[in-house]
Amino acid sequence: MFKTKHIVKLVLVTIVAALFLAGCGKDKASTGSSKDVLAKIKEDKKIVFGVKYDTRLFGLKNPKTGEVEGFDIDLSKALAEEMFGKDVKPEYVEVTSKTRVGLLNNGKVDAVVATMTITDERKKEVDFTDVYFDAGQSLLVKKGSKIQGLQDLKKGTTVLAVKGSTSAINIREKAPETTVLEYENYAEAFTALKAGKGDALTTDDSILYGMVEEDPSFQLVGGTFTEEPYGIAVKKGNQELVDALNKALKSLKDSGKYDEIKNKWIKN
Ligand code: GLU
């Protein structure tokens, strides 16, 4: 009797110990491999930035050259050089407002520089750097439109927005009676506006200015009605990478390089 009890006890202790050790091992593996993005960047000698391909002024693929161009591209290039010199090559992968968090979290991109507003909700899923640009949500309409601001977005009006954007959420709160149609990206949303599928398109003023540049028969109306501070997003738990990006951002601001890049793209 005593013997059996003793054996059962021994087996239980062994099981508990084995489970404990397995748990430790798992933790170590995930910190070492998938979590440390900065170490991976240095090892691979490349940093993959998630950027927009459809947003004039910030990240737009030029069909003639095949290159992506804009403020987010030039800034990320300068940040990479500031952090790693010529040792690490910047590469670009397309993200949309809807896909960017997923692509960060599955490791397809190392950092998202894509007109992304820092919000408390998003902070639950990713980590952000300091603010690198201040925008605000506004409305774009055809010149001569009866819609001149939020107050005109009544029942029977339709506003176009993009999936996964703060704009799509905010507009429902600010103009609860209007119908909101959501598109995959800004190119599609603007094409829909031009085709008369809605009375207005809503997103950050900074993005809408790019649309006016493309087609001056449209204009911004009603000023801005939210604050949209842009941050660079990285996978949660990569504080070292956030610190390195913040340090590089500060250096670019101090040296005047940040202003140079900003002035090249942002005129308003
Ligand atoms: N800044 C806003 C956001 O992060 C709108 C622009 C965008 O969709 O990227 O959602």
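Residues numbered from 1 in each chain as written. Predicted model: local features only at pLDDT ≥ 70, side-chain atom pairs only at ≥ 80, totals over all residues. Heavy atoms only, no water.

### Concerning the overall build of the protein chain
Put simply, the rule is: A run of H or I in DSSP counts as a helix once it spans at least four residues, and a run of E counts as a strand once it spans at least two, with each numbered from the N terminus. Working definition: with a 1.4 Å probe on protein chains only, accessible area under 20% of the residue-type maximum means buried, over 50% means exposed, and in between means partly exposed. Two residues qualify as a contact provided that any one of their heavy atoms is within 4.5 Å of a heavy atom in the partner residue. Areas reported as accessible are Shrake-Rupley estimates using a 1.4 Å probe. Residue values count occlusion only from the protein chains shown.
Looking only at helices and strands, one finds 10 helices and 15 strands in the protein chain. Counting only residues that meet the buried cut, the protein chain has 46% of its 268 residues in that class. The contacts in the protein chain between residues at least 6 apart in sequence include a share of 71% that link residues at least 24 apart. On the protein chain, roughly 14,300 Å² of surface is accessible, and the fraction owed to carbon and sulfur atoms is 55%.

### Focus: the side chain of N185
The line we're drawing: Between N or O atoms, a polar contact is any pair within 3.5 Å; within protein, one atom must be a potential hydrogen donor and the other a potential acceptor, and residues adjacent in sequence are included only when both atoms are from side chains.
With respect to the element layout, N185 can be found in the loop between β11 (179-183) and α7 (186-194). With a relative accessible area of 16%, N185 lands in the buried category. Here the side chain of N185 touches A187 through a polar contact of 3.1 Å, landing on its backbone nitrogen. Those residues within four positions of N185 in sequence are excluded, and the remaining contacts are D54, T96 and V162.

### Focus on the environment of A111
Along the chain, A111 turns up in strand β6 (residues 111-112). On the basis of relative accessible area, A111 is assigned to the buried category, the value being 1%. The spacing of A111 and S76 is 35 residues in sequence and 9.2 Å in space, taken between C-alpha atoms.

### Focus: the nonpolar core
What counts here: Nine residue types can take part in a nonpolar core, namely buried Ala, Val, Leu, Ile, Met, Phe, Trp, Tyr and Cys, and a core is a set of them joined through side-chain atoms within 4.5 Å.
Ranked by internal contacts, the top residues of the largest apolar core, which has 52 residues, are F71, Y132, F133 and L201. Among the elements that make up this core, the one with the highest residue count is helix α3 (residues 71-84) (8 residues). Residue contacts for F133: discarding those within four places in its chain leaves F58, F71, S206, E228, P229, Y230, Y258, K262 and I266.

### Side note on the site of the ligand
Counted only if it meets this: Proximity is defined per residue: if any heavy atom of the residue lies within 4 Å of a molecule or strand, that residue is considered near it. In the scheme used here, Gly and all other residues not listed as nonpolar or charged are polar, with Ala, Val, Leu, Ile, Met, Phe, Trp, Tyr, Cys and Pro taken as nonpolar and Asp, Glu, Lys and Arg as charged.
Residues in contact with the ligand amount to 17 residues; listed here are only the nearest, S97, T115, T117, Y186 and D204. Side-chain polar atom of K52 to an oxygen atom of the ligand: 2.8 Å apart, as the coordinates give it. Compared with its free state, where it exposes 280 Å², the ligand has 100% of that area covered by protein. Of all the secondary structure elements, the ones that give two or more residues to the shell around the ligand are α6 (166-174), β12 (200-204) and β14 (228-230). In the shell around the ligand, the residues fall into 5 nonpolar, 7 polar and 5 charged.

### Regarding the pattern of salt bridges
For clarity, the cut-off: When a carboxyl oxygen of Asp or Glu is within 4 Å of a side-chain nitrogen of Lys or Arg, the pair counts as a salt bridge.
Counted under the stated rule, the structure contains 16 salt bridges. For K40, the salt bridge is made with D44, and the minimal N-O distance between the two is 4.0 Å. Of this pair, K40 and D44 both sit in helix α2 (residues 37-44), 4 residues apart, which is roughly one turn of the helix. K40 sits in the partly exposed class, given a relative accessible area of 34%. Judged by relative accessible area, which is 38%, D44 ranks as partly exposed.

### Section: the sheet that holds strand β3 (residues 59-61)
Formally: If DSSP finds at least two bridges between two strands, the strands pair.
Read across the sheet, 3 strands follow the order β2-β3-β4 without closing on themselves; strand pairing throughout is antiparallel. Since the sheet does not close on itself, it has two edges, and those belong to β2 (54-55) and β4 (68-69), each with one partner. Pairing of β3 with β4, which is carried by 2 bridges, proceeds in the antiparallel orientation. Directly across from K61, in β4, lies its bridge partner V68.

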